[in-house]
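# Summary of structural features
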Amino acid sequence: MRYAMAVDTLKCVGCSDCVVACQTENDVPVGHCRDWIVEKMTGTYPELQLEIRSERCNQCANAPCVRTCPTEASHYSTGGIVLVEEDECIGCKACITSCPYDARFIHPEGYIDKCTFCIHRVEKGQNPACVSVCPTHAMIFGDLDDPNSDISKAMATRKWKSLIPEAGTDPKVFYLL
Amino acid sequence: MIEEIITSGRMNPEIDPVLHVWGWEIPFYLFLGGISAGILIFSAYFTLRNRQDELPVAVKWMPLAVPGLIGIGLIALLLDLSHVLYFWQLFTNIRWESPMSWGAWTLGIIMPLSIAWIAIWIEDIYPKWDWKFDEVKAVVNWLKDQRRIIAQILILLSVILGMYTGILLSAFNARPFWNTSILGPLFLTSGLSASAALVSFFSRTEVEKRLFTRIDIILIGIELFMIVHLFMGHLAGTQVHIAAAQMFLGGAYTVPFWIFVVGMGLILPFILELLELKHKFVPAIVPVVLIVAGNLMLRFIVVNAGQASRWLY
C-alpha cells in the first residue's frame, strides 16, 4: 500500500477551504497550518499563466526528516505516511531543517507537527479532511499500488509533476497539469 | 517572470518567511564542541608522542577546561530543544543515519572520558592533590596504566566530535549552503586552530609557544584553502548551490564573512603569528582573541546562512 495525493492544478481555485478544513479537523493551533496554497505566476504581461497548488507534507518515500531524526520519532506508518510520535520527539528541529518543503512546524506544546494525510480518517476508509471538503473536487487521495484506484487512473491518464523531485525525496503528493 | 507566493497566509513561527529554528544555542554549542575536540586531540596526540613534560599546557592543563566547555555546550543544546523533557529519548535510540544521534552518543562517551583524562594528569599539575579514598586512587592508577589506549580512543572520538559539528549541518540537503561535505573538515580544522591558539597563549615556555604558533599558522592556511574550496564547490554546483554561494558573494553575508571571519579571524592572526615567529613584538592576547572570535562568528554565520538558503521552486 502506498498512499498518495494528486492535486488537479486545472481545477484548484485557491479558495483555502482545504487549509481551514485541516485546521478544524486536526485542531491545528492558531497561527499554524499543515497545508497552504501557492499561486505561481509565470510569463510576461499580457501572456501570463497561473498555477494554483494546494501544498502540504509530501509524505516522501525517501524522507530526509525520517533520516535525520535522532530518536525515531519521525517514522513511516501505514501506506508510507510519515508521522511524528509526540512522546519520542525532543524538539531538536533537525527534521524541520531537513525538509525542503518547509512542511513541518513546532507545535506550541514543543513537539514537531505536520500533515498526517489524516491517517485517523484514512484508516476508517474516509478521505483526508482537505480532500473531502474541496468544492471543485480538485484533490484525489488513494493507493498507488491499486491500479483501479482513482489516483492510479488519474496518474496514468494525466500529465503530472511533483515538487523538487531533484532533492531525492520521492514525494507522494502529485500535481496534475 | 516567475513569482510564487503563499496566498493562504502560511506564517508558521520560526519557519516563515525565512527559516530560523536554530538561534544562538546551536552555533555556540558547535563552537564549544570544536574547541573541546581540538584540546583533547592535541593533549592525546602529544601524550602518545611522550612529550607531556615538554608541552605541559597542551597535554596537562588545557583538558581541565574540557568538561566545563562541553557542559556549557550541553546546556545550550538543551535550551534549544523545544520538547526538552523528552531529551532522554536521544539515549534510548541509536540512529546511524542521523548525525545528531551519533553526536549525542559521542558526547555521552567523551564527557566521562575527558574527566578520566584529567584524573590521569591532576597529580602532575597539583603535586599536593589527594584522592582521599584508596579505591579512587586504585582506579586512577589503573587509568594511568591505560593512558595510551585512552589517548587513542580520545583522538578517535574527538575527531568524530570535531567533524560531526560540521556533518550535522551538511547532512541536510534541503539547505544548499550546508550541503557540502567540506563543512566537517572545515569545522574540525577551525576547532583545532582555536585550541592551538589558546595553548600558545597560555603556555609559559618558548618551545611550547612556538610549536603551537607554528601549528596554528598551518591550520589557518588549511582553513583558508577549505573556504576557497567551499565556494568553488558551490559555484560549480546546481542553481540552488550557486544561489547559496551568492549570499556570500555580494549578498547579505558578504561583509560579515569576508571582513570579520576571513579578514580579522584568519588572515590578520595568520600575519600576526608569522611576526611572532620572527620575534617581532605582538601582544599575545591579540591573535588568540581574533581567532576565537572568528571561530565563533564562522559558526554563527554558517548556521544562519544555511537556514536562509533553500531550494527555489
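Okay, the overall build of chain B next. Each helix and strand counted, chain B has 11 helices and one strand in total. For chain B, the N- to C-terminal ordering of α and β elements is β-α-α-α-α-α-α-α-α-α-α-α. A globule of 313 residues ought to have a C-alpha radius of gyration of about 20 Å, and chain B, at 21 Å, matches this closely. Considered along the principal axes of its C-alpha atoms, chain B spans approximately 75 × 55 × 25 Å. Considering only intrachain contacts with a sequence separation of at least 6, the fraction spanning at least 24 residues in chain B is 73%.

Residue and element names in this part refer to chain B. Structurally, Thr-47 can be placed in helix 1 (residues 25-48). The class for Thr-47 is buried, based on 24 C-beta atoms found within 10 Å. Measuring from C-alpha to C-alpha, the distance between Thr-47 and Ala-151 comes to 7.2 Å, with 104 residues separating the pair along the chain. When neighbours within four sequence positions are excluded, Thr-47 is seen to be in contact with Gln-52, Val-59, Arg-147 and Ala-151.

Backbone-to-backbone hydrogen bonds pair the strands of a sheet. The strands run either parallel or antiparallel. All names here are of chain A. What the four strands build is an open sheet, ordered 8-1-10-9; its pairing is mixed. With partners counted over all chains shown, the strands left at the sheet margins are strand 8 (139-143) and strand 9 (160-161), one partner each. Sheet topology places strand 9 next to strand 10 (residues 173-176); two bridges connect them, and they run antiparallel. Across the sheet, the residue bridging to Trp-160 is Leu-176, located in strand 10. Sitting on the sheet, helix 6 (residues 150-157) touches strand 1 (3-8), strand 8, strand 9 and strand 10, and the angle it makes with strand 8 is about 110°.

What follows covers the interface of chain A and chain B. Contacts between the two partners involve 44 residues from chain A, matched on the other side by 40 residues from chain B. Put simply, the parts of the chain that give the side of chain A that touches chain B at least two residues each are strand 2 (35-44), helix 2 (64-68), helix 3 (94-98) and strand 6 (105-106) of chain A. Considering every element that reaches the side of chain A that touches chain B, the biggest residue donor is strand 2 of chain A, with nine residues. When grouped by side-chain class, the residues that make up the side of chain A that touches chain B number 22 nonpolar, 14 polar and eight charged. When strand 2 of chain A meets strand 1 (residues 2-6) of chain B, the two strands line up antiparallel, connected through five bridges. Across the sheet, A:Lys40 pairs through a bridge with B:Glu4, a residue of strand 1 of chain B.

Pairing within the open sheet is antiparallel, and its three strands lie in the order 3(A)-2(A)-1(B). Across the chains shown, the open sheet's two edge strands, defined by having one partner strand only, are strand 3 (47-56) of chain A together with strand 1 of chain B. Within this sheet the neighbouring strands show an average axis-to-axis angle of 15°, counted without direction. Those strands touched by helix 1 (residues 17-25) of chain A are strand 2 and strand 3 of chain A, and its axis lies near 165° from that of strand 2 of chain A.

On average, residues of chain B score 94 in pLDDT, and 100% of them are at 70 or above. Here the complex is predicted with pTM 0.94, and the ipTM for its interfaces comes to 0.92.

The rules behind the values
- Residues numbered from 1 in each chain as written.
- Chains lettered and ligands numbered in written order.
- Predicted model: local features only at pLDDT ≥ 70, side-chain atom pairs only at ≥ 80, totals over all residues.
- Helix = DSSP H or I, 4+ residues; strand = E, 2+ residues; numbered from the N terminus.
- Rg over C-alpha atoms; globule rule 2.2 N^0.38 Å.
- Contact = placed C-beta atoms within 7 Å.
- Buried ≥ 20, exposed ≤ 12 C-beta atoms within 10 Å, placed from the backbone.
- Pairing = 2+ DSSP bridges.
- Axes fitted to C-alpha atoms, helices over the stretch in contact; angles between N-to-C directions.
- Nonpolar A, V, L, I, M, F, W, Y, C, P; charged D, E, K, R; others polar.
- pLDDT = per-residue confidence, 0-100.

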